Each structure stands twice: as C-alpha cells, then as structure tokens.
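Summary of structural features
One letter stands for each residue in the lines below.
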Amino acid sequence: MIDFYDVMQRIRDLLQTQIKKEKILDKDIAIALQLNPQNYAVIKRRQKIPYEAIAHFSMKNKINMNWVLFAQKPKHLT
C-alpha cells in the first residue's frame with residue numbers, strides 16, 4: 001500500500017528545491033497540487049492520495065509519477 005506521508009514527503013522535498021523555502025507548509029503543498037488548502041487538510045486527515053492532482057503536478061514539473069508514488073528511479077523525465 002502506498003503511504004500518504006511518504007508521497008507527500010517526496011513532494012515536499014521537490015518543493016523545497018523549487019521555491020527555496022526552508023520549511024514547506026501543507027498550504028504550499030496544496031497550492032502546488034492546485035488544491036484548496038482546506039480540502040488538502042481533509043485529504044491529509046483521511047490519508048487519501050490525490051492521484052489526479054499528483055498526475056498534473058508531475059506532468060507540469062516533468063517529474064516521474066512512479067518516483068512520487070513509489071520512489072522508483074528515475075526522478076525526472078527527459
């Protein structure tokens with residue numbers, strides 16, 4: 001089973017390098033995934049992975065979705 005917190009940690013790590021902030025907040029993740037921060041809070045509490053939002057985020061940033069979900073190499077798409 002895919003762990004919600006592992007997936008969000010990988011997204012958090014990507015955002016940390018992209019927006020050069022020391023601490024990435026849940027609000028930052030929600031905005032990056034184009035989700036309402038309140039909706040993200042509900043998703044987080046239920047530990048439901050927002051697959052469609054992650055797919056759009058991955059495509060926009062040329063990140064391998066398998067890396068985001070499963071930590072499979074390669075991280076970036078060419």
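Summarised in this report is the structure supplied together with it. Numbers given to residues run from 1 along each chain, matching the order in which its sequence is written. For a predicted model such as this one, the threshold for reporting local features is a pLDDT of at least 70, and the threshold for listing and counting side-chain atom pairs is 80 or more; totals across whole chains, interfaces and linings nevertheless cover every residue. Working from all heavy atoms in the structure, the side-chain values ignore hydrogens and water.

Another point: helix H1 (residues 4-19). Spanning 16 residues, H1 covers 22 Å between terminal C-alpha atoms, matching the ideal 22 Å at 1.5 Å per step. Here's how the labels work: a residue is buried when its accessible area is under 20% of the maximum for its type, exposed when over 50%, partly exposed in between, all with a 1.4 Å probe on protein chains only. Runs of E in the DSSP output that reach at least two residues are strands. Runs of H or I that reach at least four are helices, and both are numbered from the N terminus. Along H1, the residues classified as buried are Phe-4, Val-7, Met-8, Arg-10, Ile-11, Leu-14 and Leu-15. Along the axis of H1, the buried residues cluster in a sector spanning 155°; they form a single face. Among the residues trailing H1, Lys-20 stands out with phi positive, at a value near 55°. Helix span, expected: 1.5 Å multiplied by one less than the number of residues in the helix. The directions considered for the arc are those from the helix axis to the C-beta atoms.

Turning to its location among the elements, Asp-3 is positioned in the segment before H1. Linking Asp-3 and Gln-47, residues 44 residues apart in sequence, is a C-alpha distance of 8.2 Å. Within the structure, Asp-3 has its side chain in polar contact with the backbone nitrogen of Asp-6 (distance 3.1 Å). Distance and chemistry together define a polar contact, namely a pair of N or O atoms within 3.5 Å, with one atom able to donate a hydrogen and the other to accept it when in protein, and with adjacent residues in sequence counting only for side-chain atoms on both sides.

Our focus in this paragraph is the side chain of Arg-10. Here Arg-10 is to be found in helix H1. Note on charges: Lys and Arg go in the positive column, Asp and Glu in the negative column, and His and the chain ends are not counted at all. Basic side-chain nitrogens of Lys or Arg form a salt bridge, by our definition, when they fall within 4 Å of a carboxyl oxygen of Asp or Glu. At 5.2 Å, Asp-6 is the nearest oppositely charged side chain to Arg-10, a buried residue that forms no salt bridge. Between two residues, a contact is recorded if the distance between any of their heavy atoms is within 4.5 Å. Once residues within four sequence positions are removed from consideration, Arg-10 is found in contact with Trp-67, Val-68, Leu-69, Phe-70 and Ala-71.

Angle between the axes and distance between the axes: these two values describe a pair of packed helices. It is at 13 Å that the axes of H1 and helix H4 (residues 51-61) come closest, and there the two elements cross at 30°. Between H1 and H4 lies a crossing of left-handed hand. For the pair H1 and H4, contact is made by Val-7, Met-8, Ile-11, Leu-14, Leu-15 and Gln-18 and by Ile-54, Phe-57 and Asn-61, respectively. Classification used: nonpolar for Ala, Val, Leu, Ile, Met, Phe, Trp, Tyr, Cys and Pro, charged for Asp, Glu, Lys and Arg, polar for all others including Gly. The residue inventory of the contact of H1 with H4, partitioned by class, reads seven nonpolar, two polar and no charged. Between the N-to-C directions of two axes lies an angle of 0 to 180 degrees, each axis being a line fitted to C-alpha atoms and, for a helix, fitted only over the stretch in contact. Should the near helix be turned anticlockwise from the far one by less than a right angle, the crossing is termed left-handed; should it be turned clockwise, right-handed.

What follows concerns helix H3 (residues 37-46). Of the residues that open H3, the one with a side-chain oxygen 2.7 Å from the backbone nitrogen of Gln-38 is Asn-36. Downstream of H3 by a residue or two, Gln-47 has a phi angle that is positive, lying close to 55°.

A separate point is the pattern of salt bridges. Using the criterion set out here, one finds three salt bridges in the structure. In this structure, Asp-26 engages Arg-12 in a salt bridge whose closest nitrogen and oxygen atoms are separated by 3.2 Å. Here the residue Asp-26 occupies a position in helix H2 (residues 26-32), and Arg-12 occupies one in helix H1, the gap between them amounting to 14 residues. According to the relative accessible area criterion, Asp-26 is partly exposed, its value standing at 27%. Asp-28 is the salt-bridge partner of Lys-21, the closest N and O atoms lying 2.9 Å from each other. The network of salt bridges with common partners includes Arg-12, Asp-26 and Lys-44.

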